[in-house]
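One letter stands for each residue in the lines below.
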Amino acid sequence: CCAPLLLLLLLLVLQVVPQPQPVHDGAADQFTFLLVEPTLPSNALPKVHLLPDSATTQQHVAKSSGSLFFWLLQQQADAGGSSQTVLQGYGFEAGADLAAGNGLLRVVPAWQVVLPGQLLGLAAKDATEPVHSYVKVLGDRSLKYNYLNPNLLFVATGTSPADAGALPAEQQQVSVTLLNTVTGGVLHQQLHSGCAGPVHAVVSQNWVVYALRDVVALRQQATVVELYDASHHDLSIASILLGRTKHSAALSSYSSPPLEVLSQSFYLQHSIKGISVSQTKQGITTKQLLVNTVSDQVYALDKRYLDPRRPLRAKVTPEEAEERLMPYHELVVFNALQYVTQDKQVRRQSCSKRP
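Q: Now, about the sheet that holds strand β14 (residues 173–180): what can you tell me, with residues and values included?
A: Strands in a sheet are paired, the pairing made by backbone hydrogen bonds, and the direction either parallel or antiparallel. Strands sit in the order β10-β13-β14-β15 across an open sheet of four strands; the sheet is antiparallel. In this open sheet, the two strands that pair with only one neighbour each are β10 (118–124) and β15 (186–193). For this sheet, the mean angle separating the axes of adjacent strands, direction not counted, is 15 degrees.

Q: Go over the sheet that holds strand β21 (residues 288–293), please, and point to the residues and values.
A: The strand order across the open sheet built from three strands is β20-β21-β22, with neighbouring strands paired in antiparallel fashion. The strands lining the two open edges of the sheet, one partner per strand, are β20 (272–277) and β22 (298–302). For this sheet the average axis-to-axis angle between neighbouring strands, irrespective of direction, equals 30 degrees. In this structure, β21 lies alongside β22, joined through five bridges in antiparallel fashion. When the bridges of β22 are listed, Leu289 appears paired with Leu301.

Q: Describe unusual backbone geometry, and please don't skip the residues or the numbers.
A: Cis geometry is found at the peptide bond from Leu51 to Pro52, where omega equals -5 degrees. Of note, the amide linkage connecting Gly197 to Pro198 takes the cis form, showing an omega dihedral of 5 degrees. Looking at where Pro198 falls in the secondary structure, it is placed in strand β16 (residues 195–204). Even without a glycine there, the phi angle at Leu218 is positive, about 55 degrees. For Leu218, a relative accessible area of 73% puts it in the exposed group. A positive phi angle, close to 55 degrees, is found at Gln342, a residue other than glycine.

Q: Give me the lowdown on the confidence of the model for the protein chain, citing residues and values where you can.
A: When pLDDT is averaged along the protein chain, the result is 84; 85% of the residues meet or exceed 70. In the model, residues 351–355 has pLDDT below 50 throughout and makes 20 contacts with residues more than four positions away in sequence or in other chains.

Q: Any chance you could break down the environment of Gly185 for me, citing the residues and the numbers?
A: Summarising the element assignment, Gly185 is placed in the loop between β14 and β15. Aside from chain neighbours lying at most four places away, what touches Gly185 is Leu178, Leu179 and Asn180.

Q: Now, about the layout of surface pockets: what can you tell me, with residues and values included?
A: Take a probe with the size of a water molecule and roll it over the atoms, and the empty space left behind shows itself. Estimated volume of the second largest pocket: approximately 860 Å³. If you go around the second largest pocket, you meet 29 residues; those closest to its centre are Val135, Lys136, Gln205, Thr286 and Arg304. For the lining of the second largest pocket, the elements supplying multiple residues, two or more each, are β11 (135–137) and β18 (219–229). If you tally residues by element for the lining of the second largest pocket, the top one is β11, at three residues.

Q: Please give an account of the environment of Ala77 that cites residues and values.
A: Within the secondary structure, Ala77 is located in strand β6 (residues 69–77). Counting along the chain gives 40 residues from Ala77 to Gly117, while the straight-line C-alpha distance between them is 9.3 Å. Each residue touching Ala77, except ones within four places of it in the same chain, is listed here: Ser82, Ser83 and Gln84.

Thresholds applied
Residues numbered from 1 in each chain as written. Predicted model: local features only at pLDDT ≥ 70, side-chain atom pairs only at ≥ 80, totals over all residues. Heavy atoms only, no water. Pairing = 2+ DSSP bridges. Helix = DSSP H or I, 4+ residues; strand = E, 2+ residues; numbered from the N terminus. Axes fitted to C-alpha atoms, helices over the stretch in contact; angles between N-to-C directions. Buried < 20%, exposed > 50% of the residue type's maximum accessible area, 1.4 Å probe, protein only. pLDDT = per-residue confidence, 0-100. Contact = heavy atoms within 4.5 Å. 1 Å grid on protein atoms, 1.4 Å probe; cavity = no way out; pocket = protein on both sides within 12 Å on 5 of 7 lines; lining within 4 Å. Points joined across faces, edges and corners; volume = space filled by probe spheres on them.

Below, the structure written as structure tokens:
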């Protein structure tokens, strides 16, 4: 009797929010999901259903409701008729029981961010992605502290492909924003002049890679952004191995540390229409960007080619060579041996995860 009701609910769902931590019901681990139902009018609070709705999952959500968040996106027009992208974040009442025992959670608004321009690209970090190390060891034995926020959201707005023909190339632009979806805080913004959408992006660990169209050079441009925690300056390899570090407190998404942002852009030899990233069980293996080309091929691009720290000179130092850094070159050449599909074609690729 519940199957038709569940099917009807799934047809009306606006967004599915998977919870990263499973619930143990005494026999097995049970993953829970929050089903966000659209409401009318659009400014009303959304209805959120718990799935599965059992005594165990209700108790779990009641304990962790203060740390559960989700966000919704709308495309609206401002007073002047221009398009703008509105992101609204929501939370839940801490310790609140399910409303009237019907599987509905009490939603409270948390934040709102308005970005000018048409939505061109969106990518969220996979909260379940394994991370092997929270530091990067440099060639001179110094350390960089990775900014590992599971609530990182990439949003690109600006000139859409439909409007690109009506504007001169110099007036077209793409604005990139990195958001903390718990507080709605803007972590980083970057403007690309002479560029247009669509924008393909992937978020992993402490970095973001996105591709857009350079309408001036008439080529596709890929940009990498890496985020590092700039508040930790006294870390050393010995202190970490011996456990003599003062930075053992848990990181919180409610307060962001000062960030060091490294960014670099490249041109791609071939145009792409999607991008994702490889993932291993322990997160130890070097990341590969799985690029979906316009010819329906999947190319495995080593993340080292899109490193913002690639030196801007022809010869690397011994320390840079130890890190396997390569001299910067603006063009990323596709090696024929790195096509994982070989002579096959992939018509569709799932390129991003959205919470």
